[in-house]
Amino acid sequence: NVQVALATEGDQWRVTVEDDGPGVPAEKLGMLGKPFGRIDPSRDRARGGAGLGLAIVQALAAAQGGKVRFKNRPQGGLSAAVYLGQH
């Protein structure tokens, strides 16, 4: 399952996308958003994915003065939050 939420946090909008999957090993969280960085060895270029999706999200957010943060959810799964501008 995937959940998407929109909220305000201070003077920014926060768009959060959360899933209930296995999450990401803590030592690999820093790789998320890096170009060509794939943390799942079963998803290589021959099987789909170039490792650019999250890098594009980060670049788009940065172009708007925003940022993206990734973290594992305590109950399992991953949370990706995009923070954008002032409202």
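Residues numbered from 1 in each chain as written. Predicted model: local features only at pLDDT ≥ 70, side-chain atom pairs only at ≥ 80, totals over all residues. Heavy atoms only, no water.

**A look at the overall build of the chain**
Logical step 1: Within the chain, the regular secondary structure consists of one helix and four strands.
Logical step 2: The contacts in the chain between residues at least 6 apart in sequence include a share of 44% that link residues at least 24 apart.
Logical step 3: Split by element, the accessible area of the chain, about 5900 Å² in all, is 56% carbon and sulfur. (Helix = DSSP H or I, 4+ residues; strand = E, 2+ residues; numbered from the N terminus. Contact = heavy atoms within 4.5 Å. Areas by Shrake-Rupley, 256 points an atom, 1.4 Å probe, with all protein chains shown as cover.)

**Re the pattern of salt bridges**
Logical step 1: Evaluation of the coordinates by the stated rule reveals two salt bridges.
Logical step 2: For the salt bridge of E9 with R14, the shortest nitrogen-to-oxygen distance reads 2.3 Å.
Logical step 3: Across the pair R73 and E18 runs a salt bridge, and its minimum N-O distance is 3.7 Å. Linking R73 in the loop between β3 (67-72) and β4 (78-86) with E18 in strand β2 (residues 12-19), this pair joins segments that are 55 residues apart in sequence.
Logical step 4: The class for E18 is partly exposed, based on a relative accessible area of 23%. (Salt bridge = Lys/Arg side-chain N within 4 Å of Asp/Glu carboxyl O. Buried < 20%, exposed > 50% of the residue type's maximum accessible area, 1.4 Å probe, protein only.)

**A few points about the packing of aromatic side chains**
Logical step 1: A complete count under the given rule lists zero aromatic pairs for this structure.
Logical step 2: A cation sits over an aromatic face here: K67 above Y83, 5.7 Å from the ring centre. (Phe/Tyr/Trp six-rings, centres within 6.5 Å; stacked < 30°, edge-to-face > 60°. Lys NZ or Arg CZ within 6 Å of the ring centre and 35° of its normal.)

**Let's talk about the side chain of R73**
Logical step 1: By relative accessible area, R73 is classed as buried at 14%.
Logical step 2: When sequence neighbours within four positions are dropped, the list of residues in contact with R73 reads E18, D19, D20, L78 and S79.

**A closer look at a nonpolar patch on the surface**
Logical step 1: Nonpolar side chains collect at one region of the surface, where V2, V4, L6, W13, V15 and V17 lie side by side and expose about 550 Å² of accessible area between them.
Logical step 2: For the nonpolar patch, the secondary structure elements donating two or more residues are β1 (2-9) and β2. (Patch = residues over 30% accessible without salt bridge, like charges linked within 9 Å, V, L, I, M, F, W, Y side chains within 5 Å.)

**Some remarks on the pairing of β1**
Logical step 1: Of the pairings in the sheet, the one linking β1 to β2 comprises eight bridges and is antiparallel in character. Of the residues in β2, the one forming a bridge with A5 is T16. (Pairing = 2+ DSSP bridges.)

**Section: the environment of N72**
Logical step 1: Structurally, N72 can be placed in strand β3.
Logical step 2: Distance in space between the C-alpha atoms of N72 and P25 is 8.5 Å, their sequence separation being 47 residues.
Logical step 3: At 2.6 Å, the side chain of N72 and the backbone oxygen of V24 are in polar contact. (Polar contact = N/O pair within 3.5 Å; in protein donor to acceptor, adjacent residues only side chain to side chain.)

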